[in-house]
Amino acid sequence: MDDDRTWTTVDQLHAWLGASHTLPPQEDVLMRILKLSEEVGEVAQAVIGATGQNPRKGTSHTWQDVEAELCDVIVTAMVALRTLTPDAPAIFAAHLDRVADRSLAKE
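Computed from a prediction, not measured in an experiment: that's the story for all the values here.

A. Spatial organisation of a nonpolar patch on the surface. Taken together, the side chains of Leu23, Leu30, Met31 and Leu34 present a nonpolar region at the surface, about 360 Å² in accessible area. If you trace the backbone, Leu30 turns up in helix α2 (residues 25–50).

Structural data, given as structure tokens:
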């Protein structure tokens, strides 16, 4: 999925969610951001399940489940960013550039 299509899809998800929400805009933003905690918890649950660390449940997840949950975190974060600002694509691209510049800088 290319960048344009990715952000078009995020815009569509944002609109779809917005059509069913009745909260004031500020509360809607907060709920979308809090949703990230729920999704991160699902990643943790999948890792615990993939490694069999819960003796009651054993191996209850696969590493593909972990991948899917990580993707849910990414999508949820993108939708939350889009909810916060319509300039989400530019803000994300600029931030990614800053991270790359400081992390991938040649010595």
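Following the structure, the description resumes.
B. Spatial organisation of α2. Between its first and last C-alpha, α2 extends 38 Å over 26 residues, near the 38 Å set by a 1.5 Å rise per residue. Those residues of α2 lying buried are Asp28, Val29, Arg32, Glu39, Val43, Ala46, Gly49 and Ala50. Residues of α2 that are buried in the fold lie against α1 (3–20) and α3 (63–84). Once α2 ends, the next one or two residues include Gly52, with phi positive near 65 degrees.

C. Expanded view of the layout of surface pockets. Quantified by volume, the largest pocket comes out at close to 210 Å³. Around the largest pocket sit Leu13, Trp16, Leu17, His21, Met31, Arg32, Lys35, Asp72, Val75, Thr76, Val79 and Ala80, which together line it. Mapped by element, the contributors of at least two residues to the lining of the largest pocket are α1, α2 and α3. Residue contributions to the lining of the largest pocket peak at five residues, all from α3. Of the residues that constitute the lining of the largest pocket, the class distribution is seven nonpolar, two polar and three charged.

D. Looking closely at the packing of α1 against α3. Their axes nearest at 9 Å, the elements α1 and α3 cross at an angle of 70 degrees. Considered as vectors, α1 and α3 are oriented roughly perpendicular to each other. Every residue of α3 that contacts α1 at Thr6, Trp7, Val10, Asp11, Leu13, His14 and Leu17 is listed here: Val75, Met78, Val79, Leu81, Arg82 and Thr83. Class assignment of the residues belonging to the contact of α1 with α3 gives a composition of eight nonpolar, three polar and two charged.

E. The arrangement of the environment of Thr59 in detail. Positionally, Thr59 belongs in the loop between α2 and α3. Taking the relative accessible area as the measure of exposure, Thr59 reaches 61% and is therefore exposed. Measuring from C-alpha to C-alpha, the distance between Thr59 and Val47 comes to 9.7 Å, with 12 residues separating the pair along the chain. Contacts of Thr59, omitting those with residues within four sequence positions, involve Gly49, Ala50 and Gly52.

F. Here's a closer look at the packing of aromatic side chains. The tally for this structure, following the rule as stated, stands at one aromatic pair. On the numbers, 6.2 Å between centres and 55 degrees between planes, the contact of Trp7 with Phe92 is tilted. One end of the pair, Trp7, is in helix α1; the other, Phe92, is in helix α4 (residues 88–103), and 85 residues separate them in sequence.

Parameters and conventions
Counting of residues starts from 1 at the beginning of each chain's written sequence and follows it residue by residue. At least 70 in pLDDT is required for a residue's local features to be given in this predicted model, at least 80 for side-chain atom pairs to be given and counted, and no such filter applies to totals for whole chains, interfaces and linings, which use all residues. Note: side-chain values were computed over all heavy atoms of the structure, leaving out hydrogens and water. Every patch collects residues that have over 30% relative accessible area and no salt bridge, joining them within 9 Å if they carry like charges and within 5 Å if they are nonpolar side chains (Val, Leu, Ile, Met, Phe, Trp, Tyr). Accessible areas in this description were obtained via Shrake-Rupley with a 1.4 Å probe; residue shielding takes into account the shown protein chains only. A pairing counts as a salt bridge when a side-chain nitrogen of Lys or Arg comes within 4 Å of a carboxyl oxygen of Asp or Glu. The secondary structure listing takes helices from DSSP runs of H or I that are at least 4 residues long and strands from runs of E that are at least 2 residues long, numbered from the N terminus. Every helix has an expected span of 1.5 Å times one less than the residues it contains. Relative accessibility decides the category of a residue: with a 1.4 Å probe and only protein chains considered, values under 20% of the type maximum give buried, values over 50% give exposed, and everything between is partly exposed. Any two residues whose heavy atoms approach within 4.5 Å are treated as being in contact. In this analysis, the protein atoms alone were mapped onto a 1 Å grid. Cavities are point sets where a 1.4 Å probe fits without being able to get out; pockets are open sets with protein on both sides within 12 Å along at least five of seven lines; lining residues have an atom within 4 Å of a point. Grid points are joined across faces, edges and corners, and a volume is the space filled by probe spheres set on the points. Throughout, the ten residues Ala, Val, Leu, Ile, Met, Phe, Trp, Tyr, Cys and Pro are labelled nonpolar, Asp, Glu, Lys and Arg are labelled charged, and all others, Gly among them, are labelled polar. Note on geometry: axes are lines fitted to C-alpha atoms, helical ones only across the stretch in contact, with angles between N-to-C directions running from 0 to 180 degrees. Note on terminology: angles under 35 degrees are roughly parallel, angles over 145 are roughly antiparallel, angles of 65 to 115 are roughly perpendicular, and the others are oblique. Pairs were defined over the aromatic rings of Phe, Tyr and Trp, the Trp ring being its six-membered one, requiring ring centres within 6.5 Å. Orientation was assigned from the angle between planes: stacked under 30 degrees, edge-to-face over 60, tilted for the rest.

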